[in-house]
Amino acid sequence: MKKIYVFIMSVLMVTVLSASGDLHLFEVENKDGAITPQKIEQGFIQNGFGIAVNSDMLKPFTIQFKETKFKIFTLMTIYHEKISFDLVKKYPDAGIFTPLGVGIYQDKKENTLHVSVLTSDSLKKIMGFDDELIKKLEGEVLSTLKKILPNAKHKLSPNALQEERELITKYELETDDDAATAKENLFLTLDNGLSLYGFVVAGKLDLNEHMDNSPYDFYEGYSICKLPVIYTVALTNPEAAAFAPCTLAIYKKKDEDKIVLEFPSVYNWISSALIKDSDGVDVLLKAQEQFESILAEVVE
C-alpha cells in the first residue's frame with residue numbers, strides 16, 4: 001500500500017534584491033562564425049566536463065514558428081565529471097543543476113556570440129545551501145570558458161528581480177514497492193504526462209552511473225524543454241537560456257521509502273534573467289502550472 005505526499009517546497013524566499021546579478025555573461029566577436037557550439041562543447045570535454053545535451057534550436061524554431069532571429073541558438077547542459085557528483089552525493093537538491101545549463105546564442109543582426117551560465121551565488125540561492133564545491137564548480141566552468149573564448153568580455157547580469165515565490169518545486173511519493181517497480185511505474189506515468197502537455201525530454205542523465213557508493217537506489221536527471229517557452233523568452237531575454245532545458249531531478253535514497261521529484265521553478269527565470277515582457281512571463285507561468293499538474297498526476 002502506498003502513501004502519497006504532495007507539496008511545493010520553498011527552499012528560499014528572496015525578499016531583497018541580490019547583491020549582484022545571477023548570470024555570468026560572455027561576449028566575443030564572431031563575425032566569421034569560427035566559434036561554434038561544437039567548439040565550445042569540445043572545450044568543456046577537454047577540461048573535465050561531460051555533455052548531457054547539445055541542442056541546436058534553429059531548426060525547431062523555424063519549423064514551428066516559421067522564423068528565428070538567431071544565427072546561433074544552442075542549449076547545452078554540462079556536468080563536471082567529479083565535482084558535480086560529489087555535490088549530489090552530499091545534497092540531493094544539487095541534482096536540479098546536474099547537468100548545468102549553458103546558453104549559446106548570436107543574433108542574425110550582430111557579430112557577437114553570447115554565452116550565459118548561472119553564478120555560484122545564484123546556485124546557492126536556488127538550491128538553498130552553501131558548500132565550497134559550488135564555488136569550485138563555478139571556477140572550473142569559468143576557467144574553461146576563458147580558455148575556449150580567450151578574447152571574450154565577461155560581466156555579470158544586472159541585479160535580479162525581487163522574488164518571493166518558491167525557487168524549487170518538489171513533489172514526494174511515499175511507497176513500499178521495491179525500487180525497480182516504483183521507478184518503472186513512475187516513469188511510465190511521467191513520460192505520458194510530459195507528452196500530453198507538449199514537453200520534450202531533450203536528454204536523460206543517470207547520475208548513479210557517475211557515483212561510486214551512491215546513497216541512492218536511483219537518481220535520474222530529465223532535461224525538459226517546451227519549445228514555445230524557449231522561443232518566446234528568447235525574443236527578449238536570450239540569456240535565460242542558462243536555465244534551459246530545465247532539469248527534473250528524480251531520485252530515491254536508499255534509507256528512505258519515498259521518491260522525490262523536483263525542479264527549479266520558472267520564477268528563477270523571471271528573477272535572474274529580469275524577464276518583464278508579458279508574453280515571456282505568461283508562457284513561463286503557464287509552463288509552471290502544467291509541469292505541476294504532470295507531477296501531481298505522477299504521485300497520485
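Preceding this paragraph is the structure being described.
Residues numbered from 1 in each chain as written. Predicted model: local features only at pLDDT ≥ 70, side-chain atom pairs only at ≥ 80, totals over all residues. Heavy atoms only, no water.

Enquirer: Go over the pattern of salt bridges, please, and point to the residues and values.
Expert: In the structure shown here, the tally under the stated rule is 13 salt bridges. With its nearest N and O atoms 2.5 Å apart, the salt bridge here joins K125 to D22. With K125 in helix α4 (residues 120-127) and D22 in the loop between β1 (3-6) and β2 (23-29), this residue pair connects regions lying 103 residues apart in the sequence. D22 carries the same exposure label as K125, and that label is buried. (Salt bridge = Lys/Arg side-chain N within 4 Å of Asp/Glu carboxyl O. Helix = DSSP H or I, 4+ residues; strand = E, 2+ residues; numbered from the N terminus. Buried < 20%, exposed > 50% of the residue type's maximum accessible area, 1.4 Å probe, protein only.)

Enquirer: Provide a residue-level description of the sheet that holds strand β4 (residues 70-80), including the pertinent values.
Expert: The strand order across the open sheet formed by six strands is β3-β4-β5-β6-β2-β7, and the pairing between neighbours is antiparallel. Strand pairing shows two members of the sheet lacking a second neighbour, β3 (49-56) and β7 (153-156), which therefore form its edges. Here the average twist between neighbouring strands, direction ignored, is 20°. Here seven bridges tie β3 to β4, and the two strands are oriented antiparallel to one another. Opposite G50, over in β4, you have Y79 as the bridge partner. Along the sheet, helix α5 (residues 132-148) contacts β2, β3, β4, β5 (100-107), β6 (112-118) and β7; its crossing angle with β2, the most-contacted strand, is approximately 5°. (Pairing = 2+ DSSP bridges. Axes fitted to C-alpha atoms, helices over the stretch in contact; angles between N-to-C directions. Contact = heavy atoms within 4.5 Å.)

Enquirer: Help me get a handle on helix α6 (residues 179-196), residues and values and all.
Expert: The end-to-end C-alpha distance of α6 is 26 Å, a good match for the 26 Å that 18 residues give at a rise of 1.5 Å each. Among all positions of α6, only A182, L186, F187, L190, G193 and L194 are buried. For α6, the angular spread of buried residues about the axis comes to 130°, placing them on one side. With respect to the buried face of α6, the exposed residues turned more than 90 degrees away are A180, E184, L188, S195 and L196. Packed against the buried residues of α6 are β8 (168-174), β9 (200-206), β10 (216-225), β11 (246-253), β12 (258-264) and α9 (278-298). Measuring from the side-chain oxygen of the N-cap residue of α6 to the backbone nitrogen of A180 gives 3.2 Å; that N-cap residue is D178. (Expected span 1.5 Å × (residues − 1). Arc of directions from axis to C-beta. Polar contact = N/O pair within 3.5 Å; in protein donor to acceptor, adjacent residues only side chain to side chain.)

Enquirer: Tell me about the packing of helix α3 (residues 83-90) against α5, and please be specific about residues and values.
Expert: A pair of packed helices can be characterised by two numbers: the angle between their axes and the separation between those axes. Put simply, α3 and α5 touch, their axes get as near as 10 Å, and they point 160° apart. As the angle between them shows, α3 and α5 are arranged roughly antiparallel. Where α3 crosses over α5, the handedness of that crossing is left-handed. Residues I83, S84, D86, L87 and K90 of α3 form the contact with α5, whose participating residues are L133, I134, K136, L137 and E140. Here the residues of the contact of α3 with α5 are counted per class, giving five nonpolar, one polar and four charged. (Parallel < 35°, antiparallel > 145°, perpendicular 65-115°, else oblique. Left-handed = near helix turned anticlockwise from the far one by under 90°. Nonpolar A, V, L, I, M, F, W, Y, C, P; charged D, E, K, R; others polar.)

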